[in-house]
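As a plain string of letters, each chain reads:
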Amino acid sequence: MKVNDDQILERLKLLSSTLLADSMDYEKVMNYEIKPVNYKNILVGQARTVSVYPGDNLYLHHGIYEANPEEILVVEGKGSTVSAYIGNLMASAAEKLGIKGIIIDGLVRDKSDLENMDIQIYATGFTPKGPKKNGPGSFDVPIQCGGVIVNPYDFVIADEDGVTVIPYQNAEKYVEKAEKKLLYEEERLKKITRTEINNNSDKHSIEPSWLRESMQNQ
C-alpha cells in the first residue's frame with residue numbers, strides 16, 4: 001500500500017457511498033440486491049478480488065489467506081442461489097486475520113452469528129445449504145460483482161445504502177469531487193433548515209440553483 005493510498009482511505013471514511021456514486025455520475029455502484037448483513041459503520045478499504053464457480057467457495061477460502069489485514073474481499077459469486085458461499089467459520093477466520101469485510105453477489109449462512117461479528121459482510125441473502133469446494137476459480141483478477149467491474153486494489157466504500165467501487169487510477173479525482181459535493185450538501189441543508197417559510201413565495205428561496213435552468217432545457 002502506498003502512502004497516498006492511506007490518505008485516500010482516511011478521506012473516504014468521512015464520505016459515503018452516495019457521495020462517491022454522485023462523483024462518478026452514478027457509475028460503479030453495485031446493484032441493490034447486495035445488502036449489509038451486519039452493518040456496524042462505514043466500510044472502507046481496498047479490494048482483493050475473488051472469482052468462484054457458482055455454488056463453490058474453494059477460491060474464497062484461498063483469498064482469505066492471501067489477503068492482507070484491512071483489505072476487503074470482493075467476490076464474483078455470479079448471483080448464484082445454489083448454496084451459501086460463506087458462514088460463521090470462514091467469516092471468523094477472515095476476521096481473525098484482520099480482513100475488514102467480504103462483499104459477495106451471492107448467498108451466505110449463519111445469519112445470527114454473522115450479525116455479532118466485527119467483520120462486515122455484504123451479500124444478497126441467506127440459505128442453510130453449504131457450498132462445494134472443488135473449484136475452479138481465481139484470485140486477484142478483474143471480476144464483476146453486483147454488475148460492477150472490480151480490479152484488485154480498487155477502493156471500496158460501503159454503508160447502509162450499498163456499495164460503491166472507486167477505480168484505483170482515478171481515486172484522487174473522484175474523492176475530491178465527493179468532498180466538494182459534501183460541502184455543497186452541508187451548505188444546502190443549512191439553508192433549508194434555517195429558512196423560514198411564511199408564505200407561498202418563500203418556498204422558492206430554498207429551491208436548488210440548478211432547478212430553473214434544468215426545467216428550461218427540457
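These figures come from a predicted structure and were not determined experimentally.

**Description of the overall build of the protein chain**
Then, number 1: The helix and strand inventory of the protein chain stands at seven helices and 13 strands.
Then, number 2: Referenced to the eigenvectors of the C-alpha coordinate spread, the extents of the protein chain come out at roughly 65 × 40 × 35 Å.
Then, number 3: Residue burial in the protein chain is summarised as follows: out of 218 residues, 43% are buried.
Then, number 4: Of the contacts made within the protein chain by residues no fewer than 6 positions apart, 74% connect residues no fewer than 24 positions apart.
Then, number 5: Put simply, the protein chain shows about 11700 Å² of open surface, and 50% of that area lies on carbon and sulfur atoms.
Then, number 6: Between the mean site of the 25 positive side-chain charges and the mean site of the 33 negative ones, the protein chain shows a separation of 2 Å.

**Quick look at the UniProt feature "binding site: substrate" (unreviewed entry) in the protein chain**
Then, number 1: As annotated by UniProt and renumbered to match this structure, "binding site: substrate" (unreviewed entry) occupies Gly-87, Asn-88, Leu-89, Met-90 and Arg-109. A maximum C-alpha distance of 10.6 Å places the annotated residues, which cover 23 residues in sequence, within one compact spot.
Then, number 2: On the secondary structure map, Met-90 appears in helix 4 (residues 88-96).
Then, number 3: When sequence neighbours within four positions are dropped, the list of residues in contact with Met-90 reads Asn-57, Leu-60, His-61, Ile-64 and Tyr-85.
Then, number 4: Among the residues examined, Arg-109 registers a relative accessible area of 30% and is labelled partly exposed.

**Quick notes on the sheet that holds strand 6 (residues 107-108)**
Then, number 1: One open sheet holds the three strands; their spatial order is 4-6-8, and the pairing between them is parallel. The open sheet terminates on both sides in strands that have one partner only, identified here as strand 4 (84-86) and strand 8 (125-126).
Then, number 2: Relative to strand 6, strand 4 runs parallel, the two sharing two bridges. Its bridge partner lying in strand 6, Ile-86 is registered against Val-108.

**A look at helix 6 (residues 171-194)**
Then, number 1: An ideal rise of 1.5 Å per residue puts 34 Å on 24 residues; helix 6 measures up with 35 Å between its terminal C-alpha atoms.
Then, number 2: Buried residues of helix 6: Ala-171, Tyr-174, Val-175 and Ala-178, and no others.

**A word on the UniProt feature "coiled-coil region" (unreviewed entry) in the protein chain**
Then, number 1: Taking the numbering used here, the UniProt-annotated feature "coiled-coil region" (unreviewed entry) corresponds to residues 168-195.
Then, number 2: The distance separating the terminal C-alpha atoms of residues 168-195 is 41 Å; by composition the span is 86% helix and 0% strand.

**Re the side chain of Asp-5**
Then, number 1: Its place among the elements puts Asp-5 in helix 1 (residues 3-12).
Then, number 2: With a relative accessible area of 4%, Asp-5 lands in the buried category.
Then, number 3: For Asp-5, the side chain forms a polar contact with the side chain of Tyr-168, separated by 3.0 Å.
Then, number 4: Setting aside anything within four residues of it in sequence, one finds Asp-5 in contact with Gln-46, Phe-155 and Tyr-168.

Rules and cut-offs
- Residues numbered from 1 in each chain as written.
- Predicted model: local features only at pLDDT ≥ 70, side-chain atom pairs only at ≥ 80, totals over all residues.
- Heavy atoms only, no water.
- Helix = DSSP H or I, 4+ residues; strand = E, 2+ residues; numbered from the N terminus.
- Buried < 20%, exposed > 50% of the residue type's maximum accessible area, 1.4 Å probe, protein only.
- Contact = heavy atoms within 4.5 Å.
- Areas by Shrake-Rupley, 256 points an atom, 1.4 Å probe, with all protein chains shown as cover.
- Lys, Arg positive; Asp, Glu negative; His and termini not counted.
- Charge placed at Lys NZ, Arg CZ, Asp CG, Glu CD.
- UniProt positions renumbered as here; feature names shortened; annotations may be inferred.
- Pairing = 2+ DSSP bridges.
- Expected span 1.5 Å × (residues − 1).
- Polar contact = N/O pair within 3.5 Å; in protein donor to acceptor, adjacent residues only side chain to side chain.

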